[in-house]
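# Structural description and commentary
Residue-level listing of the chains:
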Amino acid sequence: MKAMVLYGPKDIRYEEVDKPVCGDNDVLLQIKAIGLCGSDIRTITYGHYKVKYPQIIGHEITGQVAETGKNVKKFKAGDRLYVSPVVPCHECKACRLGYEELCENLTVIGTEIQGDYAEYMLLEEKVLKNGVVLSIPDELEYEQAVITEPLSSVYACQENCSITLGDTVAIIGMGPIGCLHTALAKIRGAKAVIAIEQSEERLNKSKEFGADYLINSSKEDPVAKVREITGGWGAEKVISACPSTDAQNQAISMACKKGTVIFFGGVPKGKLTNIDTNIIHYNTLTLIGHYGYSNLQARKAFSLITSGRLDAKKFVTHVLPLKEIEKAVELTRSGEAIKVVLKP
Ligand SMILES: [Zn+2]
Ligand SMILES: [Zn+2]
């Protein structure tokens with residue numbers, strides 16, 4: 001089969017590899033649509049500490065069952081599936097406490113095991129048993145179902161920090177994640193979403209997802225602007241969804257009294273954020289980190305898409321063949337694309 005194989009940072013090759021062999025307890029999936037994730041771009045460019053080369057990466061997965069092992073009863077050839085890439089062990093302390101996303105033995109498809117940048121991928125017993133594998137309804141296209149992965153994390157974040165009726169939500173970073181946050185915050189009843197971004201192109205696109213106010217942070221001071229929009233009060237929820245320590249600092253300064261600040265995006269390794277903790281102290285802010293999602297939250301995100309409540313089609317701006325990954329990365333980096341979907 002053809003696959004996109006990562007040999008090291010900035011060394012990715014489209015080549016012929018052996019097709020996985022379907023064991024008695026496995027499902028062989030023919031990949032149909034792959035989401036290009038910002039974290040894939042990071043891994044392609046800088047590598048990833050958990051990846052052992054050569055590695056077929058890719059973790060936003062949809063496909064059709066090509067073959068099933070003789071002991072597999074739940075799936076049959078032809079089934080259309082969405083596969084969540086995070087597989088908790090259900091045995092460690094974090095799992096037992098219900099924090100599956102923080103599992104101490106978490107298996108991530110595309111990092112520790114083969115991902116979906118290929119024509120075929122094996123769903124091993126562990127994935128079928130401990131992970132989330134969902135049947136895509138006939139009327140939903142693979143390209144849309146694949147949005148479930150980034151939405152799962154966004155869904156989990158907003159559920160964990162309780163974005164609710166009447167909130168003003170400020171979101172820093174209007175990449176695909178920021179746009180998903182915008183759309184979801186409106187569904188959850190936010191009174192207003194303030195989109196903050198340095199790229200004019202991305203900022204304008206965020207309007208399509210429901211952003212009520214746009215702030216170009218390369219031209220104006222986002223903190224002063226958020227205060228102005230909210231009559232001096234600040235935002236109830238502030239989400240930093242970009243890899244910037246400045247954004248984290250600004251986020252704290254634009255929250256209202258008793259507001260919640262969420263660090264959704266990681267920052268480059270070793271970069272430290274210099275925070276005036278008095279702002280947190282005197283305003284009684286809640287500062288929370290966010291990473292990943294539980295199995296249940298992945299299922300809930302999927303149902304938001306299958307029900308049509310969140311229009312996944314709007315997020316997919318480009319569909320390209322897998323072998324054109326360089327073009328896909330460029331379209332994403334430049335901000336021209338919101339989400340690029342690849343097809344093997
Ligand atoms: Zn992703
Ligand atoms: Zn675990």
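Residues numbered from 1 in each chain as written. Chains lettered and ligands numbered in written order. Predicted model: local features only at pLDDT ≥ 70, side-chain atom pairs only at ≥ 80, totals over all residues. Heavy atoms only, no water.

As a further point, take the coordination of the zinc ion (ligand 1). Every protein donor of the zinc ion (ligand 1) is accounted for by Cys37 (SG), His59 (NE2), Glu60 (OE) and Glu149 (OE), and the metal-donor separations fall at 2.2 to 2.5 Å. Note that the zinc ion (ligand 1) binds 4 donor atoms; their angles at the metal cover 83 to 163°, and the shape is irregular. For the zinc ion (ligand 1), the single-chain donor residues occur in sequence as C-x21-H-E-x88-E. Of this pair, Cys37 sits in the loop between strand S3 (27-35) and helix H1 (38-46) while Glu149 sits in helix H5 (residues 148-160); the two residues are 112 residues apart in sequence, bridging distant segments of the chain. Neither residue differs from the other here; Cys37 and Glu149 are each classed as buried. (Donors = N, O, S within 2.8 Å, 3.2 Å for Na, K, Ca; no water. Tetrahedral: all angles 85-135°; square planar, octahedral: opposite > 155°, others 65-115°. Helix = DSSP H or I, 4+ residues; strand = E, 2+ residues; numbered from the N terminus. Buried < 20%, exposed > 50% of the residue type's maximum accessible area, 1.4 Å probe, protein only.)

The parallel open sheet is built from 6 strands, whose spatial order is S12-S11-S10-S13-S14-S15. Unpaired on one side and paired on the other, strand S12 (213-216) and strand S15 (286-289) mark the two borders of the sheet. Taken pair by pair, the neighbouring strands of this sheet meet at an average axis angle of 15°, ignoring direction. Two elements, strand S10 (residues 168-172) and strand S13 (residues 235-240), share 4 bridges in a ladder whose sense is parallel. Following the sheet pairing, Ile171 is matched in S13 by Ile239. (Pairing = 2+ DSSP bridges. Axes fitted to C-alpha atoms, helices over the stretch in contact; angles between N-to-C directions.)

What follows covers a nonpolar patch on the surface. A grouping of Leu97, Tyr99, Leu102 and Tyr291 is seen on the molecular surface, where their side chains present a nonpolar patch of about 450 Å² in accessible area. Tracing the backbone shows Leu102 in the loop between helix H2 (93-97) and strand S7 (107-108). We classify Leu102 as partly exposed; its relative accessible area is 46%. (Patch = residues over 30% accessible without salt bridge, like charges linked within 9 Å, V, L, I, M, F, W, Y side chains within 5 Å. Areas by Shrake-Rupley, 256 points an atom, 1.4 Å probe, with all protein chains shown as cover. Salt bridge = Lys/Arg side-chain N within 4 Å of Asp/Glu carboxyl O.)

Once that is clear, we can look at empty space enclosed by the protein. Tallied over the entire structure, the rule returns 1 cavity of 30 Å³ or more. Its volume calculated, the largest cavity comes out at about 30 Å³. Looking at the largest cavity, the residues that line it are Met174, Gly175, Cys179, Arg202, Lys205, Gly335, Ala337 and Ile338. When grouped by side-chain class, the residues that make up the lining of the largest cavity number 4 nonpolar, 2 polar and 2 charged. A domain-level breakdown of the lining of the largest cavity finds at least three residues from each of domain 1 (2-149 + 293-343) and domain 2 (162-289). (1 Å grid on protein atoms, 1.4 Å probe; cavity = no way out; pocket = protein on both sides within 12 Å on 5 of 7 lines; lining within 4 Å. Points joined across faces, edges and corners; volume = space filled by probe spheres on them. Nonpolar A, V, L, I, M, F, W, Y, C, P; charged D, E, K, R; others polar. Domains from an automatic or database assignment.)

A few words now on the packing of aromatic side chains. The description of two aromatic rings rests on the distance between their centres and on the angle between their planes. Applying the stated criterion across every chain yields a total of 2 aromatic pairs. Arranged with centres 5.8 Å apart and planes meeting at 20°, the rings of Tyr82 and Phe302 form a pair that is stacked. You can see Tyr82 sitting in strand S5 (residues 80-83) and its partner Phe302 sitting in helix H11 (residues 295-306), a full 220 residues away along the chain. Residue classification places Tyr82 among the buried positions, given a relative accessible area of 0%. (Phe/Tyr/Trp six-rings, centres within 6.5 Å; stacked < 30°, edge-to-face > 60°.)

In this section: the UniProt feature "domain: Alcohol dehydrogenase-like N-terminal" (unreviewed entry) in the chain. The residues that UniProt annotates with the feature "domain: Alcohol dehydrogenase-like N-terminal" (unreviewed entry) are residues 23-127. End C-alpha to end C-alpha, residues 23-127 measures 13 Å, and it is 16% helix and 28% strand. (UniProt positions renumbered as here; feature names shortened; annotations may be inferred.)

Tallying each qualifying case throughout the model produces 14 salt bridges. One salt bridge connects Lys300 with Glu159, and the closest N-O pair in it is separated by 3.1 Å. Of the two residues, Lys300 sits in helix H11 while Glu159 sits in helix H5, which places them 141 residues apart along the sequence. Relative accessible area serves as the criterion here: at 26%, Glu159 is assigned to the partly exposed category.

Bringing the coordination of the zinc ion (ligand 2) into the picture now. Looking at the zinc ion (ligand 2), the protein donor atoms are Cys89 (SG), Cys92 (SG), Cys95 (SG) and Cys103 (SG), and they sit 2.3 to 2.4 Å from it. Around the zinc ion (ligand 2) sit 4 donor atoms; with metal-centred angles ranging over 102 to 118°, the donor geometry is tetrahedral. Binding-site remark: the zinc ion (ligand 2) is held by donors from one chain whose sequence spacing is C-x2-C-x2-C-x7-C. With Cys92 in the loop between strand S6 (86-87) and H2 and Cys103 in the loop between H2 and S7, the pair connects residues that are 11 residues apart, well separated along the chain.

This paragraph deals with H11. Given 3.6 residues to a turn, an α-helix orients residues that are three or four positions apart in the same direction. For H11, built from 12 residues, the straight-helix expectation of 16 Å at 1.5 Å per residue is met to within 8% by its first-to-last C-alpha distance of 17 Å. Positive backbone phi, approximately 85°, marks Gly308, located one or two places after H11. (Expected span 1.5 Å × (residues − 1).)

Attention shifts here to the environment of Asp26. Note that Asp26 resides in the loop between strand S2 (11-16) and S3. Sequence separation between Asp26 and Glu67 is 41 residues, and the spatial gap between their C-alpha atoms is 8.5 Å. Apart from residues lying up to four places away in sequence, Asp26 is in contact with Val21, Glu67, Thr68, Gly69, Val72, Leu122, Leu123, Glu124, Glu125 and Leu128. Of note is the side chain of Asp26, whose polar atom sits 3.0 Å from the backbone nitrogen of Gly23. (Contact = heavy atoms within 4.5 Å. Polar contact = N/O pair within 3.5 Å; in protein donor to acceptor, adjacent residues only side chain to side chain.)

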